[in-house]
Amino acid sequence: MDNHSSSQSFWSKYVFSLDHKVIGIQYGLTSLGFLILGFSLVLLMRWQLAYPEQALPLIGKFFGNASMPDGVMLPEFYNSLGAMHGTIMIFLGVVPLGVGAFGNYLVPLQIGAPDMAFPKLNMASYWCFFVGGFVMLLGFAMPGGAANSGWTAYPPLSIVATSGQTVWLIGMVFLITSSLLGSINTIVTIVQLRAKGMTFMRMPTLVWTQLVTAFLLLMAFPPLEAAGVLQLMDRLAGTSFFMPEGLVLSGQILPYTGGGSVLLWQHLFWFLAHPEVYVLILPAMGIVSEVIANNTRKPLWGRKGMIYASVFLGFMSFIVWAHHMYLTGMGTVISAFFQATTMIISIPSVIILTSLLLSLWGGSIRFNTAMLFSLAFLPMFGIGGLTGLPLGLAAADVHLHDTYYVIGHFHYIVAPGTIFALFSGIYYWYPKITGRQMSETLGKWHFWPSLICMNCIFFPMLIQGLAGVSRRLYDGGATYELAKDVLYLNKVMSASAALLFVAQIPFIINVFTSFWRGKKASANHWDATTLEWAATSSPPLGHGNFEVIPEVFRDPYEYNPPNSDKEFLPQNFDLQNDKKRED
Amino acid sequence: MLPIQASTQSAAIDHIIVLVHWLMLIMFVGWISYFLYTIFRFRSSKNTKASYHGVKTHFSSYLEIGLVLIEVFLLVGLSIPFWQNVVTAFPPAEKALTVRVVAQQFAWNVHYPGKDGRFGKTNSSFVNSQTNPIGLDPQDPYGKDDILTVNQLNVPINKPVIVRLSSLDVIHCFGIPLMRLKQDVLPGMKIPTWFEATKLGTFEIMCAQLCGVGHYRMRGFVNVMKPEDFKSWMTEQEELLLEEAEADDSEDDFWS
């Protein structure tokens, strides 16, 4: 494939581009925008949680009487914010950043391919995502506001909800379609377009985690897409897939007959949404693996074990979904089955975490910002994983189910876990993408406050959860006597959330100013071994990534190899040729 | 950090929660000490050349096997038996008090069978939010003596209570945190759960599943009474019903 970037118009080069790098950057910028938006929504909620039914100063009055009359948030608006925060963070923020941006940009480069296998499909995937995101946001303009039945959209609540839910479902159909297009592309690219010598076991861990993730998306999303359409039918066409007969709402009998099942939705939803958890975490593990190998200057410990563990994790993630449903009236046998699979799936996670921790031993550790975020990922993901244990045991879940403990648990996985890994990835690959370095000073101003604030937000949630405080309460539990002792924590969490927002300012400045003012970076800025660093920095846009299609001679992380005077051996470095030249 | 225990099953649940948290604490302290020591010891300024092989022992494998064994114990030794012996092991109906709780946006309707010990038939076509919130069939003789309360679940102490849960509208979740009891209430399904109160007093019922704008204030109360107090409350309610029925009858006489 030739590089015809110079002859392209602005639109085909930067907007409707077929180049995986441009599409990756488009995914990256869009999803970062959505992350900020999703975070802003939760800040509004956190004001209400800390100061229930008090007017939000300064900006409160701009939200209008339908959401915040006199600056005081209505419960309807709170529920919309909650549903949209979850949806935006997961489907428009973290997944498109981890899979769409990092996957798109890095997978072809790391396997030595000129582009993705299907460039047009790739472009379609991004624009599908873009339209999905736009439709999601339209929800806020609907009468009754955006979807307000939680990101889980459980019927019957979601079916009797205001029209924002219809828009949400249409948005979801676009987002799911986008993911399906993307995942097929990733799988075919990895299977078909690996450079000569790039065997499966020589692929960098990031490529492996992207491959497993793509399979999860490909197999888990179709049931949700079907379920979403069925829910749409229940809302619009009067079908009753999820609606039992004889429901009474505000004294009126609902016209649904035919005996649908509210549990059916939960099964279909969680059949996607549990693998989705691994879609959130696997790309993060991939990024952290790359950054740790590079900055310890040694190979990953137990790399092959990690690969097998990721594949096993992928398989297992399809048979744990009902652990979200222990309290739906399950018998002993079914609950025992799902508890057992849930305990089993913790093993590969522990193997991956242990391997990453052991990889540090004997390293020569460089503490740049990318590495700090990756290092912090380890204990934060550790807390997230450990707090999953009591939730996985059905007996303990009787008390902890749907409390703030659950919120604390999965935010530890996703926020200081996955999002830290994504930050790490941005700091690590920024020199490759732009040809310039990010500021280390601003990076550290971003890292340390973020780490502290994250913990001040999410740890108190575990305490509130143990006290029994339910999630999704508009007043944060102020109605309840039993929450009295832990209510003050709401103020701690909200203040920390506001500070966390402030802590992102150095990052935003860093991303933009470094693009123009950052110090120039060399092609292999971090002295790394994987193939993306064999391409020139800020590789020319358009098809064709490498001046010479690389050939691969060895495993991905050959740092400080024995029997060599080199500090690192890139995957494509031909020792024999090198020797001949010396001779 | 766990609240007081007000039911027979609280101790068993807390026992599991506490044990798991000890396990978590030990693992976390182990990891974090290793982690901090390692990143300090192997910082590049001190250790300029990395070791290609790194860790050579199989210590971590033993740790992983140990963790597996502990998880097996928690699962097979504690959690599964709890489900079998408590959650799904209902006390015999003759030894228990059986009540129905019908959830709706945003209240808990409590339905006692009354003197005859049998619940009147209900059907959503009879529902009237003012006069007949759960849709009792006016033709059913068993329903005549049924006692209804809203958000007040009165129960005797030290006696198992079987709660038959159902919902009129959307999904709710019947939670009594201080009794370590929680059960989803799914419309279209009748799901029973049970508990036995061990402390006198009032305990909050908290909805745990998002059920709409009033989810946050869907609060009810379990009033745990001495058996004799419960009995006299019950008798009082029965007499009230009788008086009402008589009043209704005399009204009918008047108009006819």
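Predicted model, so just to flag it, every value in this text is computed and none were measured. (Residues numbered from 1 in each chain as written. Chains lettered and ligands numbered in written order. Predicted model: local features only at pLDDT ≥ 70, side-chain atom pairs only at ≥ 80, totals over all residues. Heavy atoms only, no water.)

**Let's talk about the overall build of chain A**
- Within chain A, the secondary structure is distributed over 17 helices and 4 strands.
- A compact globule built from 583 residues should have a C-alpha radius of gyration of about 25 Å, and chain A, at 24 Å, falls within 12% of that.
- With the C-alpha coordinates aligned to their principal axes, the bounding extent of chain A is approximately 90 × 55 × 45 Å.
- Sorting the 583 residues of chain A into buried and exposed places 65% on the buried side.
- Of the contacts made within chain A by residues no fewer than 6 positions apart, 77% connect residues no fewer than 24 positions apart.
- Counting every atom, chain A has about 19,800 Å² of accessible surface; 69% of that belongs to carbon and sulfur.
- With 29 positive and 29 negative side-chain charges, chain A shows a separation of 8 Å between the mean positions of the two kinds. (Helix = DSSP H or I, 4+ residues; strand = E, 2+ residues; numbered from the N terminus. Rg over C-alpha atoms; globule rule 2.2 N^0.38 Å. Buried < 20%, exposed > 50% of the residue type's maximum accessible area, 1.4 Å probe, protein only. Contact = heavy atoms within 4.5 Å. Areas by Shrake-Rupley, 256 points an atom, 1.4 Å probe, with all protein chains shown as cover. Lys, Arg positive; Asp, Glu negative; His and termini not counted. Charge placed at Lys NZ, Arg CZ, Asp CG, Glu CD.)

**Considering the interface of chain B and chain A**
- Counting residues at the interface gives 83 residues for chain B and 93 residues for chain A.
- Summing both partners gives a buried area of about 7,800 Å² for chain B against chain A, and 70% of it is carried by carbon and sulfur.
- Summed over the shared surface of chain B and chain A, the result is 31 residue pairs in polar contact (both at pLDDT 80 or more).
- Secondary-structure elements contributing two or more residues to the side of chain B that touches chain A are α1 (10–41), α2 (59–87), β7 (181–185) and β9 (201–207) of chain B.
- Of the residues forming the side of chain B that touches chain A, the biggest block, 17 residues, is contributed by α1 of chain B.
- Classifying every residue of the side of chain B that touches chain A gives 48 nonpolar, 23 polar and 12 charged. (Buried area = accessible area lost by both parts, 1.4 Å probe. Polar contact = N/O pair within 3.5 Å; in protein donor to acceptor, adjacent residues only side chain to side chain. Nonpolar A, V, L, I, M, F, W, Y, C, P; charged D, E, K, R; others polar.)

**A look at the confidence of the model for chain A**
Residues and elements named next belong to chain A.
- A residue-level look at chain A finds 98% of positions with pLDDT of 70 or above and a mean pLDDT of 94.
- The least confident element of chain A is helix α17 (residues 575–582), whose mean pLDDT is 75; the most confident is helix α14 (residues 440–467), at 98.
- Long-range and interchain partners of residues 1–5, a stretch whose pLDDT sits below 50, account for 12 contacts in this model, where long-range means more than four residues apart. (pLDDT = per-residue confidence, 0-100.)

**Re the packing of aromatic side chains**
- Counted by the stated rule, this structure contains 51 aromatic pairs over all chains.
- Chaining the aromatic ring pairs together yields one cluster made of F10, W11, Y14, F16, Y27, F34, Y126, W127, F129 and F130 of chain A.
- In this structure, R194 of chain A is placed above the aromatic ring of F200 of chain A, and the distance from its NZ or CZ to the ring centre is 3.8 Å.
- R43 of chain B extends its terminal NZ or CZ atom over the ring of F40 of chain B, reaching a point 4.4 Å from the ring centre. (Phe/Tyr/Trp six-rings, centres within 6.5 Å; stacked < 30°, edge-to-face > 60°. Lys NZ or Arg CZ within 6 Å of the ring centre and 35° of its normal.)

**Focus: the pattern of salt bridges**
All names here are of chain A.
- Scanning all chains against the criterion turns up 8 salt bridges over all chains.
- Of the charged contacts in the structure, one is a salt bridge between R471 and D402, with a shortest N-O distance of 3.4 Å. Pair noted here: R471 is in the loop between α14 and α15 (489–503) and D402 is in the loop between α12 (394–400) and α13 (404–434), with a separation of 69 residues, a long-range link. (Salt bridge = Lys/Arg side-chain N within 4 Å of Asp/Glu carboxyl O.)

**Some words on the environment of V87 of chain B**
- Checked against the element boundaries, V87 of chain B lands in helix α2.
- In this view, V87 of chain B contacts F82 and W194 of chain B; residues no more than four positions away in its chain are not counted.

**Observations regarding the nonpolar core**
- If you look at the biggest cluster of nonpolar residues, it comprises 240 residues, and the most contacted ones within it are L378 of chain A together with Y112, L153, F174, F195 and V222 of chain B.
- Of the residues forming this core, the biggest block, 19 residues, is contributed by helix α7 (residues 262–296) of chain A.
- Not counting the four nearest positions on each side in its chain, L378 of chain A is found in contact with V288, I292, L353, L356, L357 and L360 of chain A together with F35 of chain B. (Core = buried A, V, L, I, M, F, W, Y, C linked by side-chain atoms within 4.5 Å.)

**Quick word on unusual backbone geometry**
- With an omega of 0°, the peptide bond running from P155 of chain A to P156 of chain A counts as cis.
- Positionally, P156 of chain A belongs in the loop between α4 (119–138) and α5 (164–192).
- Along the chain, Q105 of chain B connects to F106 of chain B via a cis peptide bond; the corresponding omega equals -5°.
- You can see F106 of chain B is positioned in the loop between β1 (97–104) and β2 (107–112).
- Even without a glycine there, the phi angle at E53 of chain A is positive, about 60°.

**Here's the deal with the sheet that holds strand β4 (residues 152–156) of chain B**
Residues and elements named next belong to chain B.
- An order of β4-β10-β9-β6-β7 is seen for the 5 strands of this open sheet, with the pairing classed as mixed. Taken across any chain shown, the strands that pair with only one partner, and hence form the sheet edges, are β4 and β7. Within the sheet, the average angular offset between the axes of one strand and its neighbour, ignoring direction, is 20°.
- Pairing between β4 and strand β10 (residues 219–225): 5 bridges, direction parallel. Its bridge partner being in β10, N154 is matched across the sheet by N223. (Pairing = 2+ DSSP bridges. Axes fitted to C-alpha atoms, helices over the stretch in contact; angles between N-to-C directions.)

**Points about the state of the cysteines**
Residue and element names in this part refer to chain B.
- The tally for this structure, following the rule as stated, stands at 0 disulfides over all chains.
- This cysteine, C207, is not joined by any disulfide, and C211 carries the nearest cysteine sulfur, 3.9 Å off.
- Judged by relative accessible area, which is 0%, C207 ranks as buried. (Disulfide = S-S within 2.5 Å.)

**Overview of the environment of A503 of chain A**
Residue and element names in this part refer to chain A.
- Within the element layout of this structure, A503 appears in helix α15.
- Judged by its relative accessible area of 7%, A503 is buried.
- The spatial distance from the C-alpha of A503 to the C-alpha of G71 is 26 Å, given a sequence separation of 432 residues.
- In this structure, A503 is in contact with W445, H446, P449 and S450, ignoring residues within four places of it in sequence.

**Topic: α14 of chain A**
- For α14 of chain A, spanning 28 residues, the distance from its first C-alpha to its last is 41 Å, which sits close to the expected 40 Å at 1.5 Å a residue.
- Downstream of α14 of chain A by a residue or two, G468 of chain A has a phi angle that is positive, lying close to 100°. (Expected span 1.5 Å × (residues − 1).)

**With respect to the pairing of β1 of chain B**
All names here are of chain B.
- Of all 8 residues in β1, 8 are buried, a share of seventy percent or more.
- Of the two faces of β1, the one lined by L97, V99, V101 and A103 and the one lined by T98, R100, V102 and Q104 are each fully buried.
- Examined bridge by bridge, β1 and strand β5 (residues 160–167) share 7 bridges and lie parallel to one another. Counterpart to L97 in the pairing with β5 is V161.
- Looking at chain direction, β1 and β2 are connected through 5 bridges and run antiparallel. Bridge pairing in β2 links A103 to W108.

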